[in-house]
Amino acid sequence: MSTNNDVLYTGKTHITGGRNGVARSDDGQLDIKLSRPGSNDPGTNPEQLLGAGWSACFIGAIGIAATANKIAVPADVSVDAEIDLCKTEAKGYFLQARLRVTLPGMERSAAENLVSAAHQTCPYSKALHGNVAIETTVAV
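Read on for a plain summary of the structure. What you see is a predicted model; the values in this text were computed from it and never measured.

**Description of the overall build of the chain**
Along its length, the chain carries 3 helices and 6 strands. From first element to last, N terminus to C terminus, the chain shows the α and β order β-β-β-α-β-β-α-α-β. Seen along its three principal axes, the alpha-carbon backbone of the chain occupies a region of about 45 × 35 × 30 Å. Looking at the chain residue by residue over its 140 residues, the buried ones come to 29%. For the chain, the proportion of contacts with a sequence separation of at least 24, taken over those separated by at least 6, is 48%. Considering the chain, the positive charge centre built from 12 side chains and the negative charge centre built from 14 side chains are found 4 Å apart.

Structure below.
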């Protein structure tokens with residue numbers, strides 16, 4: 001890891017018990033139970049957490065792209081994320097994802113350009129690019 005980076009923030013979490021455990025942040029803001037996907041156990045799972053974190057960051061990246069292009073972003077912009085946990089004999093376990101980005105009232109081409117630019121800015125999109133199959137749709 002390079003030490004020449006300007007670290008803006010470090011999220012610190014402590015997890016015990018894996019998919020049937022507990023996740024807590026060092027500042028106490030996150031304190032949740034974890035459960036296996038599809039179970040009826042209380043708690044969330046890593047796929048839901050990835051979708052939530054990525055979506056929140058992605059909306060921020062849309063805002064950065066809009067500011068750079070002097071475009072107003074609708075107040076009710078939203079992202080619906082679907083993160084699939086998959087398994088095949090050849091690949092083992094892997095993820096695939098779908099993002100449905102809604103920018104109500106925007107011209108379609110402008111909305112699509114913002115979403116494309118957001119993928120270039122969003123750290124989650126950058127980390128997942130080439131590692132996770134990502135399908136993005138834009139609704140206006």
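**Looking at the sheet that holds strand 2 (residues 22–25)**
Read from one edge to the other, the open sheet built from 3 strands follows the order 1-2-3, with strand pairing classed as antiparallel. Looking at strand neighbours, the two that pair on one side only are strand 1 (13–16) and strand 3 (31–33), the edges of this open sheet. Each strand axis lies, on average, 15° off the axis of its neighbour in the sheet, ignoring direction. Where strand 1 lies against strand 2, 4 bridges are found, and the strand directions are antiparallel. Directly across from His14, in strand 2, lies its bridge partner Arg24.

The rules behind each value
- Every chain's residues receive numbers from 1 upward, in the order its sequence appears when written.
- Local features in this predicted model are restricted to residues of pLDDT 70 or higher, and side-chain atom pairs are both shown and tallied only at a pLDDT of 80 or more, whereas totals for entire chains, interfaces and linings draw on every residue.
- No hydrogens and no water enter the side-chain calculation; it runs on all heavy atoms of the structure.
- Strands are runs of DSSP state E lasting at least two residues, helices are runs of H or I lasting at least four, and both sets are numbered from the N terminus onward.
- Each residue gets one of three labels from its accessible area relative to the maximum for its type: buried under 20%, exposed over 50%, partly exposed in between, using a 1.4 Å probe on protein chains only.
- Any two residues whose heavy atoms approach within 4.5 Å are treated as being in contact.
- Asp and Glu are treated as the negative residues and Lys and Arg as the positive ones, with His and the ends of the chain left uncounted.
- We put the charge of a Lys on NZ, of an Arg on CZ, of an Asp on CG and of a Glu on CD.
- In this scheme, strands are said to pair when DSSP sees at least two bridges between them.
- Note on method: axes are straight lines fitted to C-alpha atoms, helices fitted across the in-contact stretch only, with angles between N-to-C directions ranging 0 to 180 degrees.

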